Structures are given as structure tokens and as C-alpha cells.
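As a plain string of letters, each chain reads:
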Amino acid sequence: MKLSNFNFKLPEELLAEHPAENRDESRLMVLNRKEKTIEHKMFKDLIDYFDEGDVMILNNTKVFPARLYGNKEKTGARIEVFLLRELNEEQRLWDVLVDPARKIRIGNKLYFGDDDTLVAEVIDNTTSRGRTLRFLYDGSYKEFRHKLTELGETPLPKYIKREVEPEDEERYQTIFAKKEGAVAAPTAGLHFSKHLLKRLEIKGVNFAEVTLHVGLGTFNPVEVEDLSKHKMDSEEAFIDELAVNTVNDAKKNKKRVCAVGTTSMRAIESSVSSSGMLNEFSGWTNKFIFPPYDFSIANCMITNFHTPKSTLLMMVSAFAGHDFMKKAYEEAVKEKYRFYTYGDAMLIL
């Protein structure tokens, strides 16, 4: 499989700028791999495909307001700072992306907020746009984190051209988000409403929560034709004993095990035992899944519609089968499904 196998033309009007009015009222395309059939449903119809004892694996990561705007000392130039990950709590060191990057050099200081109470000094260059910042703030670590949250903005993807709106703060989190650490939402989970989760629970569906803190590496375009040469950024993941037992019990009982989103899938596929069962995990994963690939844990997947040439599309292709995935995407364009973060969803059985 080559990179060029994952290119397709997407009409611009199919990019979803806003979420559906109600979370569970996005459209849902249902792919049956065995029968090679495609159905068109609403997301809330998902419940019809699951029975008692089936398991859904949810990524409970929580997005933090990672986009800050500051001013460069002396020139006052407006600089966007995108927080990627905390490197050192004590020294308040962070890996960030800056824009415009050409203006930001080691030794520069950036000032944030109307009163400039938060200052950052550039101490290293990491990539063309990447920098290491040391934040200077008078106050405890808790107060510093509160300040970051207060000044930060919901980090909507760049392709959403509109300004961030108040509702984005709530809608760009899943309703089961708990563990802060992601700079992008695990988008398949955005379709679940409290009402739908409750209905699934009443039906006897079990939930296993894992954590994978989504970084921007997930969305980095692949730039090598030979996929085996692409390097994924590492992302932090955690799978606890409760999740392991819930998933492995369902596997032993030949139940449906559904990964909600590519991030959940990547987390579980990063920690598989030699006998094909799920193991506990705490650490970093740079797992890159592309065809051909044998999945060990999940036999079902929920996902959004992804960008051309993305690692997410490659994982879906590996799971659904490349030709079937291509057919589904052609159908999605024809039927005007909404794509990307706030778009519609796909259930692959």
C-alpha cells in the first residue's frame, strides 16, 4: 500500500464547520464487512447493532484549551502559541508550536493576557515550528495551570475557518472526558449523548474506558510514498485493570468489542498479549496502523470521515478493507455526508 492509494477529492462544502444540533443526530453510515453492505442511519440508531454483554471502548481523554495568543516583547507582534505537552512541571517547560515561527527565536519573550501576568521565554528550537518555552508566573503550579486555562482557547482544527464560539468549549469535549491532556478531541466520541449512553447501558452494553492523550502527530500529513517509512509522534496512553477485564471477558464470550474512534483503537492495539488479549498499559505509543494489519482486540469500530492521506484513513482502510473503504467514501461524498471533526460518523461491523 502506497500513500497515493489514500488520496481522494473532497468537495469543500462537505467540511463540517459546526456540529449537529444534537450530539446523537449526526448521520451514521453502517458498513458490514462480511456482507459488503452499506446502510444510512442516524447516530442514535447505533443501539440497534449492540446487545447485552457487548463492549464499547471509550477514550476518556479531555482536551485542554491549548491555543494561546501572546505578544512578542519590543515589537508587540501577535503570536499564536499552541501547547503540545508539558515537559517539566516544576520548571514549567512546555513543547509548543508557534505561528509565525520565523519571528520567534531563542531568548525571545512572549507576554500573555491584558495585564502581562504570564510571560514565556523561548529556550529551544525543536522543529521548524516547534519551540520549548519556559513559563514565568508568580504563583503556585495550580494557579499557573488555572491561568493557562483562563487564557487558552478551545483548539479547533485549523480547517475550521470561523472564530471559536462559546458552545465549542462544551461541544469539543466528549461527555465522558475526564483525564486532561489532549490537544485535539477524540472525534468519534463527540457523537454520544448522555441519553444514548443511558439507553445502551439499559440494554446491557458495557463500557471500558482507556486514555490516549491525542497529540497533533495524529493529524500530521504523511509525506512518504512508502508508508513503512512514516514515523508517528508518540502519544501518552493508559489502560487500567478494569478496562482490561471488561474487554477480555467480552472477547472470551465472543461478544462485540467496539473501539470508539481511531485513538481507542491505537491504544488497545499498543498493548496486546501473545494470546491476543488486552494488557494493562501506561506509557507512550507511536503505533502506526496501515494495511495490511491484523487487529487483535476490537471486531467493530466507530469513526468519523477523515482527511485524504491521513494516518486515520489508513487505519480505517486496514480495518474495513481498502476497496470497501474507498466505496464507502465515494458513497459518503455522493450522499453529502459531513466530514472531519464536527462531521458524521461511520460504524464498521
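Look up a bit, the structure's there.
These notes cover the structure that comes with them.

1. Structural notes on helix α6 (residues 311-320)
Okay, so step 1: The buried fraction of α6 is high, at 10 of 10 residues.
Okay, so step 2: When we look at burial in α6, the residues that qualify are Thr311, Leu312, Leu313, Met314, Met315, Val316, Ser317, Ala318, Phe319 and Ala320.
Okay, so step 3: Tucked inside the fold, the buried residues of α6 contact β1 (27-32), α5 (262-269), β16 (300-304), α7 (322-334) and β17 (345-348).

2. Side note on unusual backbone geometry
Okay, so step 1: Cis geometry is adopted by the peptide bond preceding proline 100, which originates at aspartate 99 and carries an omega value of 0°.
Okay, so step 2: Relative to the elements of secondary structure, proline 100 occurs in the loop between β7 (93-99) and β8 (109-112).
Okay, so step 3: Its identity as a non-glycine residue notwithstanding, lysine 36 has a phi of 60°, on the positive side.
Okay, so step 4: Checked against the element boundaries, lysine 36 lands in the loop between β1 and β2 (37-42).
Okay, so step 5: Despite not being glycine, aspartate 116 shows a phi value in the positive range, around 55°.

3. Details of the sheet that holds strand β6 (residues 78-88)
Okay, so step 1: Reading around the circumference, β5-β6-β7-β10-β9-β8 is the order of the six strands in this closed barrel, with antiparallel pairing throughout. Each strand of the sheet is rotated relative to its neighbour by a mean of 45°, with strand direction disregarded.
Okay, so step 2: Along the sheet face, helix α1 (residues 141-151) touches β5 (67-72), β6, β7, β8, β9 (118-125) and β10 (130-136) and points at about 90° away from the line of β9.

4. Observations concerning the packing of aromatic side chains
Okay, so step 1: Counted under the stated rule, the structure contains 19 aromatic pairs.
Okay, so step 2: Between phenylalanine 295 and phenylalanine 319, the aromatic rings sit 5.0 Å apart at their centres with planes inclined by 90°, giving edge-to-face as the arrangement. In this pair, phenylalanine 295 is assigned in the loop between β15 (281-285) and β16 and phenylalanine 319 in helix α6, connecting sequence segments 24 residues apart. In this pair, the class of phenylalanine 295 matches that of phenylalanine 319, namely buried.
Okay, so step 3: What links up through ring pairs into an aromatic cluster is the set Phe8, Tyr159, Phe305, Tyr329, Tyr337, Phe339 and Tyr340.
Okay, so step 4: One cation-aromatic arrangement involves arginine 27 over tyrosine 337; the distance from NZ or CZ to the ring centre is 4.0 Å.

5. Here we look at the packing of α5 against α6
Helix-helix packing is described using two parameters, namely the angle between the two axes and the distance between the axes.
Okay, so step 1: Between α5 and α6, the least distance of the axes is 11 Å, while the angle of their chain directions is 70°. Considered as vectors, α5 and α6 are oriented roughly perpendicular to each other. Taken as a pair, α5 and α6 cross one another with a handedness that is left-handed. For the pair α5 and α6, contact is made by Thr262, Met265 and Arg266 and by Leu312, Met315, Val316 and Phe319, respectively.
Okay, so step 2: Looking at the contact of α5 with α6 residue by residue, the classes come out as five nonpolar, one polar and one charged.

Thresholds applied
The numbers attached to residues start from 1 for each chain and follow its sequence in the written order. In view of the model being predicted, local features appear only for residues whose pLDDT reaches at least 70, and side-chain atom pairs are presented and counted only at 80 or more, with totals across whole chains, interfaces and linings using the full set of residues. In computing side-chain values, all of the structure's heavy atoms are included and hydrogens and water are not. Note on exposure labels: buried denotes an accessible area under 20% of the residue type's maximum, exposed denotes more than 50%, and partly exposed covers the range between, all computed with a 1.4 Å probe on protein chains only. In this description a helix means any DSSP run of H or I spanning at least four residues, a strand means any run of E spanning at least two, and both kinds are numbered starting from the N terminus. Only heavy atoms matter for contacts: two residues are in contact if any of them lie within 4.5 Å across the pair. Strands are treated as partners if at least two bridges between them are detected by DSSP. Axis lines are fitted through C-alpha atoms, for helices just across the contact stretch, and the angle between N-to-C directions can take any value from 0 to 180 degrees. Here is the rule: rings of Phe, Tyr and Trp (six-membered ring for Trp) pair when centre to centre is within 6.5 Å. Planes less than 30 degrees apart are stacked, more than 60 are edge-to-face, and the remainder are tilted. Here, a charge over a ring is recorded when the distance from Lys NZ or Arg CZ to the ring centre is within 6 Å and its angle to the ring normal is within 35 degrees. Any angle that is under 35 degrees is reported as roughly parallel, and any over 145 degrees as roughly antiparallel; angles of 65 to 115 degrees are reported as roughly perpendicular and all others as oblique. Crossings are classed by handedness, with left-handed meaning an anticlockwise turn of the near helix from the far one by less than a right angle and right-handed meaning a clockwise turn. Under this grouping Gly is polar, as are all residues other than the nonpolar Ala, Val, Leu, Ile, Met, Phe, Trp, Tyr, Cys and Pro and the charged Asp, Glu, Lys and Arg.

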